[in-house]
Amino acid sequence: MDIIKDPQELRARCRDWLRRDVVTGLVPTMGSLHAGHASLLRLARERAERVVASVFVNPTQFGPGEDLAAYPRDLDRDAALAREAGVDVLFAPAPEAMYAPEAATWVEVPELAGYLCGASRPTHFRGVCTVVSKLFLLAQPSLAVFGEKDWQQLAILRRMTADLGFPVEIVGAPIVREADGLALSSRNVYLTRQERAEAPHINKGLALAAARVAAGERDAGRMLAETAAYFAREMPSATLDYLACVHPQRLYSLDVIDGPALFATAVKFSRARLIDNRLAGVTG
């Protein structure tokens, strides 16, 4: 595995692969890699002849007061995990290599970014879309793999890719969980012992809502109220950022569940904001 820090070097390497009709897979990350990231890398390895993984703590997707400075960084550890997963090139640029001082161009999908996580992080997805666009232009991949844990991000990037005509297949990878159901996250290390004991109830609450829908419940508002009450009871250390029932692709709120639905939430603990989701709804 090669580690490349210069964007132009990455561009040259990937352009050569493209000329030779090599199928390239891209996995964008912010580092602090864990087993969830490894699953994305392995999926890309299965689907592509060459795999590029980026490790870049993207400053433009952090808002004021968020944990940019404190975000965990360990390139040596990330490189070891990436190498084990079969990555060919690890791209680890500095912020100044990705953003010129006078940069004034943004990519965004405001129709899908103004609610859920975007309500409390209004510039987050603008930063995500901009950096992913840059990575697409540098790596010129055939496919890019993103985790389904950040479902809103996945939906936004699919829309961006389609709207701008990027010749990239967006591949969603299933959520990887701990044995007790907590979704893997780089921010789980911030949880206190008590918070870690409570956090699995995020997934359990969403699973209960999905089970109620499967049993015939169709009132989304009733399900949200019941789930919020469950969270308050089982996670007294947490504050609910949002809890919503939305259309899985278009992300608008649902009142009646008469088709596919997504229960999505963000929960704040003292030093960690955790997201999770669960598909539910009526099919056929």
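Position numbers for residues count from 1 along each chain, tracking the sequence in the order it is written. Side-chain atom pairs in this predicted model are given and counted only at pLDDT of 80 or more, local residue features only at pLDDT of at least 70, and totals for whole chains, interfaces and linings cover all residues. Note that water and hydrogens are dropped before the side-chain values are worked out from all heavy atoms of the structure.

Q: Tell me about the sheet that holds strand E9 (residues 273-281), and name the residues and values.
A: Any two strands with at least two DSSP-identified bridges between them are counted as paired. Secondary structure counts use DSSP, requiring at least four H or I residues in a row for a helix and at least two E residues in a row for a strand, with both numbered from the N terminus. Spatial ordering of the open sheet is given by E7-E8-E9, a layout of three strands whose pairing is antiparallel. With partners counted over all chains shown, the strands left at the sheet margins are strand E7 (239-246) and E9, one partner each. Looking at each pair of strands side by side, their axes are set apart by 10° on average, direction ignored. Where strand E8 (residues 260-268) and E9 come together, nine bridges link them in antiparallel fashion. If you follow Ala261 over to E9, its bridge partner there is Ala280. For helices, the fitted line uses only the C-alpha atoms of the stretch in contact; every axis is such a line through C-alpha atoms, and the angle between N-to-C directions lies from 0 to 180 degrees.

Q: So, the packing of aromatic side chains: which residues are in play, and what are the values?
A: Here is the rule: rings of Phe, Tyr and Trp (six-membered ring for Trp) pair when centre to centre is within 6.5 Å. Planes less than 30 degrees apart are stacked, more than 60 are edge-to-face, and the remainder are tilted. Per the counting criterion, the structure on display carries four aromatic pairs. An angle of 75° between the planes, with centres 6.0 Å apart, marks the rings of Phe62 and Tyr71 as edge-to-face. For the pair formed by Phe62 and Tyr71, the shared burial category is buried. In our convention, an over-ring charge means Lys NZ or Arg CZ found within 6 Å of a ring centre and within 35 degrees of that ring's normal. The ring of Trp106 carries the charged tip of Arg126 above its face, separated from the ring centre by 4.0 Å. Using a 1.4 Å probe on the protein chains alone, a residue whose accessible area is under 20% of its type maximum counts as buried, one over 50% counts as exposed, and one in between counts as partly exposed.

Q: I'd like to hear about the pairing of E8, residue by residue, with values.
A: For E8, a buried count of seven out of nine residues is recorded, marking the element as mostly surrounded by other parts of the structure. Of the pairings in the sheet, the one linking E7 to E8 comprises seven bridges and is antiparallel in character. Residue pairing for E8: Val246 is matched across the bridge by Leu262. Counted along the chain from E8 to the antiparallel partner E9, the turn is four residues long.

Q: Give a description of helix H10 (residues 201-214) that names residues and reports values.
A: Between the first and last C-alpha of H10 there are 19 Å, a value that for 14 residues agrees with the 20 Å anticipated at 1.5 Å per step. Should any heavy atoms of two residues lie within 4.5 Å, those residues are counted as being in contact. The secondary structure elements touched by the buried residues of H10 are helix H9 (193-198), helix H11 (220-234), E7, E8 and E9. Taken from the residues just after H10, Gly216 is the one with a positive phi, measuring 120°. Here the expected length of a helix is defined as 1.5 Å per residue gap, with one fewer gap than residues.

Q: Requested: an account of the nonpolar core, with residues and values cited.
A: Counting residues in each nonpolar core, the largest one holds 46 residues, and the members touching the most others are Leu10, Val52, Phe91, Met98, Val132, Phe136 and Met160. Of all the elements in the fold, those that place two or more residues in this core are helix H1 (7-19), strand E4 (89-91), helix H5 (110-113), helix H7 (124-139), strand E5 (143-147), helix H8 (151-164), E7 and E8. Sort the elements by how many residues they give to this core and H7 lands first, with nine residues. Once residues within four sequence positions are removed from consideration, Phe136 is found in contact with Leu26, Pro141, Ala144, Met160, Thr161, Phe166, Val168 and Ile170. Side-chain atoms within 4.5 Å are what join buried Ala, Val, Leu, Ile, Met, Phe, Trp, Tyr and Cys residues into a set we call a nonpolar core. Core analysis: the next-biggest nonpolar cluster, separate from the first, contains 26 residues, Leu191, Leu243, Phe263 and Phe269 among them.

Q: Pulling in residues and values, what's your account of the packing of H7 against H8?
A: Between H7 and H8, the shortest axis-to-axis distance is 11 Å and the interhelical angle comes to 50°. Between H7 and H8, the angle is such that the two are oblique. Our pair here, H7 against H8, has a crossing hand that is right-handed. From H7, Phe125, Val128, Cys129, Val132, Ser133 and Phe136 reach across to H8, where they touch Gln152, Gln153, Ile156, Leu157, Met160 and Thr161. Residue classes in the contact of H7 with H8 are distributed as eight nonpolar, four polar and no charged. Each angle is binned into one of four classes, with values under 35 degrees roughly parallel, values over 145 roughly antiparallel, values of 65 to 115 roughly perpendicular, and all other values oblique. Each crossing gets its handedness from the near helix: less than a right angle anticlockwise from the far helix is left-handed, clockwise is right-handed. For this classification, the nonpolar set comprises Ala, Val, Leu, Ile, Met, Phe, Trp, Tyr, Cys and Pro, the charged set comprises Asp, Glu, Lys and Arg, and every other residue, Gly included, is treated as polar.

Q: Requested: an account of the pattern of salt bridges, with residues and values cited.
A: Here, a salt bridge means any Lys or Arg side-chain nitrogen found within 4 Å of an Asp or Glu carboxyl oxygen. Under the definition given, this model contains 15 salt bridges. Ionic pairing is found between Asp241 and Arg273, a salt bridge with its closest N-O pair at 2.8 Å. Linking Asp241 in strand E7 with Arg273 in strand E9, this pair joins segments that are 32 residues apart in sequence. A relative accessible area of 24% means that Asp241 is categorised as partly exposed. Residues participating in the shared-partner salt-bridge network are Arg212, Glu217, Asp219, Arg222 and Glu226.

Q: Would you mind going over unusual backbone geometry in detail, with residue names and values included?
A: Not every positive phi belongs to a glycine, and Gln140 is a case in point at roughly 45°. The exposure class of Gln140 is partly exposed, given its relative accessible area of 26%. Positioned with a positive phi, Leu251 is a non-glycine residue whose angle comes to about 65°. For Leu251, the position within the fold is in the loop between E7 and E8.

Q: Let's hear about the side chain of Asn58: which residues, and what values?
A: For Asn58, the position within the fold is in the loop between strand E3 (50-55) and helix H3 (75-84). As used in this structure description, the phrase polar contact means that two N or O atoms lie within 3.5 Å; if the pair is within protein, one of them must be able to donate a hydrogen and the other to accept it, and residues adjacent in sequence are counted only when both atoms belong to side chains. A distance of 2.8 Å separates polar atoms of two side chains, one belonging to Asn58 and the other to Tyr99. With residues up to four places along the chain from it excluded, the contact list for Asn58 reads Met30, Tyr99, Gly127, Val128 and Val131.

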